[in-house]
Amino acid sequence: NEDTRVRTNKRKAEILHVEDDQEFVQLVSKSLQDFAHILNATSIQSAKTFLGSRTFDLVILDLMLPDGYGTELIDLINKK
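As the structure is a computational prediction, the values presented were derived from the model and not from experiment.

What counts, and at which threshold
Residues numbered from 1 in each chain as written. Predicted model: local features only at pLDDT ≥ 70, side-chain atom pairs only at ≥ 80, totals over all residues. Heavy atoms only, no water. Patch = residues over 30% accessible without salt bridge, like charges linked within 9 Å, V, L, I, M, F, W, Y side chains within 5 Å. Areas by Shrake-Rupley, 256 points an atom, 1.4 Å probe, with all protein chains shown as cover. Salt bridge = Lys/Arg side-chain N within 4 Å of Asp/Glu carboxyl O. Helix = DSSP H or I, 4+ residues; strand = E, 2+ residues; numbered from the N terminus. Pairing = 2+ DSSP bridges. Axes fitted to C-alpha atoms, helices over the stretch in contact; angles between N-to-C directions. Buried < 20%, exposed > 50% of the residue type's maximum accessible area, 1.4 Å probe, protein only. Arc of directions from axis to C-beta. Contact = heavy atoms within 4.5 Å. Right-handed = clockwise from strand over helix to strand, strands pointing away. Polar contact = N/O pair within 3.5 Å; in protein donor to acceptor, adjacent residues only side chain to side chain.

This part covers a nonpolar patch on the surface. On the surface, L63, M64 and Y69 cluster together into a nonpolar patch covering about 340 Å² of accessible area. Checked against the element boundaries, M64 lands in strand β4 (residues 64–65).

In this section: the sheet that holds strand β2 (residues 36–41). Pairing is parallel across the open sheet formed by three strands, whose spatial order is β2-β1-β3. The outermost strands of the open sheet, each flanked by one partner alone, are β2 and β3 (58–61). Geometrically, the sheet is characterised by an average inter-axis angle of 20° between neighbouring strands, direction not taken into account. As paired elements, strand β1 (residues 13–18) and β3 share four bridges and run parallel to each other.

Of the positions making up helix α2 (residues 44–53), those classed as buried are I44, A47 and L51. The arc enclosing the buried residues of α2, seen along the axis, measures out at 60°, which places them on a common side. For α2, the exposed residues lying more than 90 degrees away from the buried face are T49, G52 and S53. Elements that come into contact with the buried residues of α2 comprise β1, β2, β3, β4, β5 (68–69) and α3 (74–79).

Examined bridge by bridge, β1 and β2 share six bridges and lie parallel to one another. Among the inter-strand pairings, H17 is bridged to a residue of β2, identified as N40. A crossover links β1 with its parallel partner β2, the connecting element being helix α1 (residues 22–32), and its sense is right-handed.

Let's shift gears to the environment of N40. Here N40 shows up in strand β2. Here N40 falls in the partly exposed class, since its relative accessible area comes to 24%. Along the sequence, N40 and S29 sit 11 residues apart, while their C-alpha atoms lie 9.3 Å from each other. Residues in contact with N40, not counting those within four places in the same chain, are H17, E19, Q22, V25 and F50. Of the polar contacts made by the side chain of N40, one reaches the backbone oxygen of H17; its length is 2.9 Å.

See below:
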């Protein structure tokens, strides 16, 4: 099939999952464990720390976090 994409490198994707629901984090991590390395940030502040020190292939963003709204991170994510 022409539309099938084959991953040419064996590097796992780096994903930042900004989520405070640990059961959901575990579900997503387990589902993607063969394809991605997932770091979990449970707050806006911890997400900012990760985003300031690393580059991610994907960010999964919860919009309601204990210390604010996930939308606060969008400009920072876009700068990467």
